[in-house]
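# Reading the structure
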Amino acid sequence: MTTSSADARPLDIAYSPCPNDTFVFDAWAHGRVPGAPALNVTFADIDLTNGMAERGELDVLKVSYAVLPWVLEEYALLPCGGALGRGCGPLVLTREPGVDLTGKTVAVPSERSTAYLLFRLWAADVLPDGVGEVVVLPFHEIMPAVRAGRVDAGLVIHEARFTYQDYGLHCLADMGEHWESTTGLPIPLGAIIAKRSLGEGTLRALAESARASVRMAWADPEASRPYVRAHAQELDPAVADQHIGLYVNEFTAELGDDGYAAVHGLLTRAAAEGLVPAIKPDALRFP
C-alpha cells in the first residue's frame, strides 16, 4: 500500500456512529489494515461533519454528497468508503396516508443533506405549487414531531425505514424510488472526502485503506460486531444488520461509472433547481 510522510501522524477523521460507518471503518480504525495510515476517530452525525467540511476542520470526513459543491476546492472525493445504493432512499412520512403536502410544513434533518436535495427534486416534480415551510429538526425528533402533529410531514433516513411503522406513521413517498425511476441510477447518500493538501500519495493510500477495510468486514462480519454494537446501543441488532446490508454494497468498495454518474447527476440536477452551486467539470476527479 502506498504511504507518504503524512503517515507520520494519525489522520483526523470523522464519521457517524451508524452501523454502516462502523462496519466499514472497523478494521482500519483498529489497525488491522496493513500499511494503512493511522486514524484519530471522531464520531459525529452527518449534519455536524458537513459543517466540519465547510470549515475545513479535519483531514478525512464522511459527509453528504449534497455538501460537495461547497467543499470540493479543499477536499477530494474518494472513490470508495461511502454510501450509494438502490432501494435505500429517504422517505417522506405523514400521520395519515395520501396527504397533499402543498403548502404544508415538512421537517428535514438538514438543508445540506442529500436527503434534502432528493426531497426538493421530488417536490419539484410532483408538487407544482411547492411545500410550505421547511423546518430543520434533529433526526431523532422528526418522527415524534410528525406523530404529535407539530409538523405535517417528516423526511427520514437510515434506520427509520425499518422503524417508522412503530410510530404509527405512513410512507407518503420514497425519494429513492422516485430518483431511481427518473434516472435509472443508484441513490447517492454519503461520501468520503479527504483534504487535497495531503497529497496524491496519501489520498491514494486512503482510498486503498477504505477499500481494504470494507472488504475485510465482508470477509469476517463477526469481527466488526463489537464496534458496531458499541456505537448503536439503542438499535436492535437485527435492524443494525439490515442497515449494513442496505448501505454497504459494491458502491462502497468502488463508485464505478454508475456511482460517479449518480453523483454528477444529483449535483447537476440540484444546481439546475438553484439548490447548490454548479461544480467544475473535473471537480469529482480522483485524486
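Residues numbered from 1 in each chain as written. Predicted model: local features only at pLDDT ≥ 70, side-chain atom pairs only at ≥ 80, totals over all residues. Heavy atoms only, no water.

## Let's talk about the confidence of the model for the protein chain
As a reminder of what qualifies: On a scale of 0 to 100, pLDDT captures the predictor's confidence in every residue. Whether two residues touch is decided by their heavy atoms; if any such pair falls within 4.5 Å, the residues are in contact.
Per-residue confidence for the protein chain averages 93 on the pLDDT scale, and 97% of its residues sit at or above 70. Within the model, the stretch residues 2-7 combines pLDDT values under 50 with eight contacts to residues more than four positions away or in other chains.

## Re the pattern of salt bridges
We apply this condition: In what follows, salt bridge is the name for a side-chain nitrogen of Lys or Arg lying within 4 Å of a carboxyl oxygen of Asp or Glu. The helix count covers DSSP runs of H or I at least four residues long, the strand count covers runs of E at least two residues long, and both are numbered beginning at the N terminus. Type-normalised accessible area, obtained with a 1.4 Å probe on protein chains alone, sets the label of each residue: buried when under 20%, exposed when over 50%, and partly exposed for intermediate values.
Considering all chains together, one arrives at twelve salt bridges under this definition. Residue Glu-180 pairs with Arg-86 through a salt bridge whose shortest N-O separation is 3.5 Å. In this pair, Glu-180 is assigned in helix α7 (residues 175-183) and Arg-86 in the loop between β5 (83-85) and β6 (91-94), connecting sequence segments 94 residues apart. You can call Arg-86 partly exposed: its relative accessible area is 40%.

## Comments concerning the side chain of Ser-213
Put simply, the test is: Throughout this description, a polar contact denotes any pair of N or O atoms lying within 3.5 Å of each other; where both atoms belong to protein, one of them has to be capable of donating a hydrogen while the other can accept it, and for residues adjacent in sequence the pair is counted only when both atoms sit in side chains.
Its location among the elements puts Ser-213 in helix α8 (residues 200-219). Classification of Ser-213 as buried rests on a relative accessible area of 0%. A polar contact of 3.2 Å, which involves the side chain of Ser-213, links it to the backbone nitrogen of Trp-28. Excluding residues that lie within four positions of it along the chain, Ser-213 makes contacts with Val-24, Phe-25, Asp-26, Ala-27, Trp-28 and Val-33.

## Some details on the sheet that holds strand β9 (residues 153-156)
Applicable threshold: A pair of strands is considered paired only if DSSP assigns at least 2 bridges between the two. Throughout, an axis means a line fitted to C-alpha atoms (over the contacting stretch in the case of helices), and angles, computed between N-to-C directions, take values from 0 to 180 degrees.
Reading across the sheet, the five strands line up as β8-β7-β9-β6-β10 and stay open at both edges, with mixed pairing between neighbours. The sheet is open, and its two edges are formed by β8 (134-136) and β10 (170-174), each paired on a single side. On average, adjacent strands in this sheet sit at an angle of 30° to one another, irrespective of strand direction. In this sheet, β9 lies alongside β6 in antiparallel orientation, the contact comprising three bridges. Along β9, the bridge assignment pairs Val-92 with Leu-155. With respect to the sheet, helix α4 (residues 114-126) is in contact with β6, β7 (106-108), β8, β9 and β10, its orientation differing from that of β9 by roughly 130°. Across the sheet, helix α5 (residues 139-148) is in contact with β6, β7 and β9; its angle to β9 comes to roughly 150°.

## Some thoughts on the nonpolar core
For the record, the criterion: Among the buried residues, those of types Ala, Val, Leu, Ile, Met, Phe, Trp, Tyr and Cys that are joined through side-chain atoms within 4.5 Å form a nonpolar core.
Among the nonpolar cores identified, the biggest contains 55 residues, and Leu-61, Tyr-65, Leu-68 and Trp-122 are the most heavily contacted of them. For this core, the element with the highest residue contribution is α4, accounting for eight residues. Discounting chain neighbours no more than four positions away, the residues touching Trp-122 are Val-92, Leu-101, Leu-127, Leu-172, Ala-173, Met-175 and His-178. Counting 34 residues, the second largest nonpolar core, distinct from the first, contains Val-33, Ala-36, Ile-192 and Tyr-227.

## So, the packing of aromatic side chains
To describe a pair of aromatic rings, you give the distance between the ring centres and the angle between the ring planes. Our working definition: To pair, rings of Phe, Tyr and Trp, with the six-membered ring standing in for Trp, must have centres within 6.5 Å; the planes then decide the type, stacked if under 30 degrees apart, edge-to-face if over 60, and tilted in the middle.
Enumeration according to the criterion identifies five aromatic pairs in this entry. Consider the rings of Tyr-15 and Phe-25, whose centres lie 4.4 Å apart with planes at 10°: the pair is stacked. In this pair, Tyr-15 is assigned in strand β1 (residues 11-15) and Phe-25 in helix α1 (residues 19-29), connecting sequence segments ten residues apart. Each member of the pair, Tyr-15 as well as Phe-25, is classed as buried. Among the aromatic residues, those joined into a ring-pair cluster are Tyr-15, Phe-25, Trp-28, Phe-43 and Tyr-227.

## Quick word on the pairing of β9
Residues in a regular strand point their side chains to alternate faces of the sheet. Side-chain alternation along β9 places Ala-153 and Leu-155 on one buried face and Gly-154 and Val-156 on a second face that is also buried. With two bridges joining them, β7 and β9 adopt parallel strand pairing. Pairing of Val-106 across the sheet is with Ala-153, part of β9.

## Things to note about the packing of α1 against helix α9 (residues 221-230)
Selection rule: Under this scheme an angle from 65 to 115 degrees is roughly perpendicular, one under 35 degrees roughly parallel, and one over 145 degrees roughly antiparallel; angles in between are oblique. The handedness criterion is simple: a crossing whose near helix is rotated anticlockwise from the far helix by less than a right angle is left-handed, and one whose near helix is rotated clockwise is right-handed. Three residue categories are used. Nonpolar comprises Ala, Val, Leu, Ile, Met, Phe, Trp, Tyr, Cys and Pro, charged comprises Asp, Glu, Lys and Arg, and polar comprises the others, including Gly.
It is at 9 Å that the axes of α1 and α9 come closest, and there the two elements cross at 110°. Viewed along their axes, α1 and α9 adopt a mutual orientation that is roughly perpendicular. Crossing of α1 against α9: the hand is right-handed. Here Pro-19, Thr-22, Phe-23, Phe-25, Asp-26 and Ala-29 of α1 come into contact with α9, specifically with Pro-221, Ala-223, Ser-224, Tyr-227 and Val-228. For the contact of α1 with α9, a count of residues per class yields eight nonpolar, two polar and one charged.

## Let's talk about α9
As a reminder of what qualifies: The directions from the helix axis to the C-beta atoms form the arc being described.
Among the residues making up α9, those that are buried are Ser-224, Tyr-227 and Val-228. Each buried residue of α9 sits inside an arc of 100° when the element is viewed along its axis, so together they form one side. Exposed and facing more than 90 degrees away from the buried side of α9 are Glu-222 and Pro-226. Structurally, α9 contributes buried residues whose contacts are with β1, α1, β2 (39-43) and α10 (237-247).

## What to know about the side chain of Thr-252
Of note, Thr-252 is situated in helix α11 (residues 250-253). Given a relative accessible area of 0%, Thr-252 falls into the buried group. What Thr-252 contacts, discounting residues up to four positions off in sequence, is Val-24, Cys-80, Gly-81, Gly-82, Val-214 and Tyr-247.

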